[in-house]
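# Coordinate inspection notes
Now for the letters of each chain:
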Amino acid sequence: VKLKKDKLRHGVIGSEPYYHFVARVKNVFHELLLMPYRTIAVVTHGGVVSAVARELLKIGEFDLLGDCAVLELEVANTKLKLIAMRRATVQPKTT
């Protein structure tokens, strides 16, 4: 199935609504922020990575999200901050 850029009306019949998916992703990452670990690895699919970039990091849409892409994040004042990206590029924001 070829997906459309519109995350709310992508055309995948029977799929989870976008806002439900984002709520689940946000809940998991908020739980991770409360853990006492200095380093945590999260291995997941591109949908979660895209949602984190879009909804939590507020960096926009990916222009490229390659196989085995890596986003390195740190916690800054109880918020996630992007430190580095490999095998991924973000579309330039338009004003």
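As a reminder, the structure under discussion sits directly above these lines.
A brief look at the structure comes next.

### A look at the pairing of strand 1 (residues 62-76)
- With 10 bridges joining them, strand 1 and strand 2 (residues 79-90) adopt antiparallel strand pairing. The partner of Glu72 across the bridge, within strand 2, is Ala84.
- Connecting strand 1 to the antiparallel partner strand 2 that follows it, the hairpin turn spans two residues, and Asn77 within it adopts a positive phi of roughly 55°.

### Describing helix 1 (residues 18-34)
- Here helix 1 contains 17 residues, and its C-alpha end-to-end distance of 25 Å stays within 8% of the 24 Å for a straight helix at 1.5 Å per residue.
- Against helix 2 (46-56) and strand 2 lie the buried residues of helix 1.

### What about the packing of aromatic side chains?
- A complete count under the given rule lists one aromatic pair for this structure.
- Relative to Tyr19, the ring of Tyr18 lies with its centre 5.7 Å away and its plane at 65°, an arrangement referred to as edge-to-face.
- Since its relative accessible area comes to 12%, Tyr18 is described here as buried.
- Judged by relative accessible area, which is 57%, Tyr19 ranks as exposed.

### What to know about the nonpolar core
- By size, the foremost hydrophobic cluster in this structure holds 16 residues, and its most contacted members are Phe21, Val25, Phe29, Val48, Val52, Leu57 and Phe62.
- Sorting the residues of this core by element identifies helix 1, helix 2 and strand 2 as the ones contributing at least two each.
- No other element matches the six residues that helix 1 contributes to this core.
- If we ignore the near neighbours within four places in the chain, the residues touching Val25 are Val48, Ala51 and Val52.

Reading guide: rules and limits
Residues numbered from 1 in each chain as written. Predicted model: local features only at pLDDT ≥ 70, side-chain atom pairs only at ≥ 80, totals over all residues. Heavy atoms only, no water. Pairing = 2+ DSSP bridges. Helix = DSSP H or I, 4+ residues; strand = E, 2+ residues; numbered from the N terminus. Expected span 1.5 Å × (residues − 1). Contact = heavy atoms within 4.5 Å. Phe/Tyr/Trp six-rings, centres within 6.5 Å; stacked < 30°, edge-to-face > 60°. Buried < 20%, exposed > 50% of the residue type's maximum accessible area, 1.4 Å probe, protein only. Core = buried A, V, L, I, M, F, W, Y, C linked by side-chain atoms within 4.5 Å.

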